[in-house]
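# Summary of the model geometry
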Amino acid sequence: MSEDHRDQYYWRAKKDQFRSRAAYKLEFLIDRYGIVKDGQTILEIGSSPGGWTQVLVDRSCRVLAVDMQPMDEIPDVTFLKLNILRENALDRIKDGMVRSGIQKFDAVLSDAMAKTSGIRSSDHAASVMIGESVMRIATETLRKGGNAVVKQFQGDMTADFIRRWGKYFRDHRITKPPASRKESSEIYIIFYGLATEATDKNMHDPGSDLA
Ligand code: SAM
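A brief report on the enclosed structure follows. (Residues numbered from 1 in each chain as written. Predicted model: local features only at pLDDT ≥ 70, side-chain atom pairs only at ≥ 80, totals over all residues.)

Looking only at helices and strands, the protein has six helices and seven strands in total. Element order for the protein, N to C, with α for helix and β for strand: α-α-β-α-β-β-α-β-α-β-α-β-β. Relative to a compact globule of 211 residues, whose C-alpha radius of gyration would be 17 Å, the protein shows 16 Å and is just as compact. Across the 211 residues in the protein, those meeting the buried criterion constitute 34%. Within the protein, counting contacts between residues at least 6 apart in sequence, those at least 24 apart form 60% of the total. (Helix = DSSP H or I, 4+ residues; strand = E, 2+ residues; numbered from the N terminus. Rg over C-alpha atoms; globule rule 2.2 N^0.38 Å. Buried ≥ 20, exposed ≤ 12 C-beta atoms within 10 Å, placed from the backbone. Contact = placed C-beta atoms within 7 Å.)

As structure tokens, this is what we get:
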């Protein structure tokens, strides 16, 4: 990281022994929006190097963490190294749930983001593609009433993304945590309260509105 990018959150993270400054974004999302309660069971997508995971463990949550990059071990956290854009990602997560004795998650949180190109439209499109996978996984693995959070670079597909996935949830919010860099178009979309568990086959049917 260049010295220019070492802002107050970078130094705070060092002092607080968080693995990343991203930890403060999750603390904000939890404290302001109540997306997670202490002790809940969480699927965390895009977890490496582990700042969000540390925040969740500090709040006594049970965490299944996934990332395409490796992550140094955190006690009591199950980590799966996988690319969520791969076809078998959902099956591997479901397999991890069975092996950990998890039936459904209380929340699915994603900070996953591809490396940025600096071209706004491409970065937006890549973030929407990741978001689609996150929401497919979330709607398959959340309990009824569970929350989903997905990071996105805001752009012209954001409203349609929220419209299509929002209809499966009670409510939604868009937010930008203070620890998110001002110059970035990064936002977090919070979907509150899955209306029904994913027993409805049409939810992911290519012929449905979600395709
Ligand atoms: N929340 C993390 C923390 O607090 O330390 C930081 C996450 S970092 C901003 C984004 C992560 O998303 C990277 O570790 C990256 O490997 C992961 N990622 C990007 N695309 C992914 C994909 N398709 N599948 C799994 N992980 C992915």
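The discussion continues.
Attention now moves to the site of the ligand. Taken together, 22 residues are adjacent to the ligand, and Ser20, Ala22, Gly46, Gly51 and Asp111 come closest. For the shell around the ligand, a count of residues per class yields 11 nonpolar, eight polar and three charged. (Near = placed C-beta within 6 Å. Nonpolar A, V, L, I, M, F, W, Y, C, P; charged D, E, K, R; others polar.)

Our next topic: the nonpolar core. Counting residues in each nonpolar core, the largest one holds 47 residues, and the members touching the most others are Ile42, Val108, Val134, Ala148 and Val149. For this core, the elements supplying multiple residues, two or more each, are α2 (23-33), β1 (41-45), α3 (51-58), β2 (62-67), β4 (105-110), α5 (120-141), β5 (142-153) and β7 (186-194). In this view, valine 134 contacts Ile45, Ile84, Ser110, Ala112 and Val150; residues no more than four positions away in its chain are not counted. (Core = buried A, V, L, I, M, F, W, Y, C linked by C-beta atoms within 7 Å.)

Turning to the sheet that holds β2, a few remarks are in order. Taken in spatial order, the seven strands of this open sheet run β3-β2-β1-β4-β5-β7-β6, and their pairing is mixed. On the outer flanks of this sheet lie β3 (78-81) and β6 (169-175), each paired with one strand and no other. Taking each pair of neighbouring strands and ignoring which way they run, the sheet shows an average axis angle of 15°. Pairing between β6 and β7: six bridges, direction antiparallel. The partner of aspartate 171 across the bridge, within β7, is tyrosine 192. (Pairing = 2+ DSSP bridges. Axes fitted to C-alpha atoms, helices over the stretch in contact; angles between N-to-C directions.)

Time to look at the packing of helix α4 (residues 89-100) against α5. Each pair of packed helices gets described by two things: the angle between the helix axes and the distance between those axes. As a packed pair, α4 and α5 sit with axes 10 Å apart at the nearest point and diverge in direction by 35°. Between α4 and α5 lies a crossing of right-handed hand. Mapping the contact onto sequence places Ala89, Leu90, Ile93 and Met97 in α4 and Ser133, Arg136, Ile137, Glu140 and Thr141 in α5. (Left-handed = near helix turned anticlockwise from the far one by under 90°.)

Before going further, it helps to spend a moment on the pairing of β7. As defined by bridge partners, β5 adjoins β7 across six bridges and the pair is classed as antiparallel. When the sheet's bridge partners are listed, valine 149 is paired in β7 with isoleucine 190.

For the rest of this paragraph, the subject is the packing of α2 against α3. Where α2 meets α3, the axes come as close as 7 Å, and the angle between the chain directions of the two elements is 45°. When the axes of α2 and α3 are compared, the pair comes out oblique. In this structure, α2 meets α3 at a crossing whose hand is right-handed. Residues Ala23, Leu26 and Glu27 of α2 touch α3, and the partners they reach there are Gly51, Trp52, Gln54 and Val55. Broken down by class, the residue content of the contact of α2 with α3 amounts to four nonpolar, two polar and one charged. (Parallel < 35°, antiparallel > 145°, perpendicular 65-115°, else oblique.)

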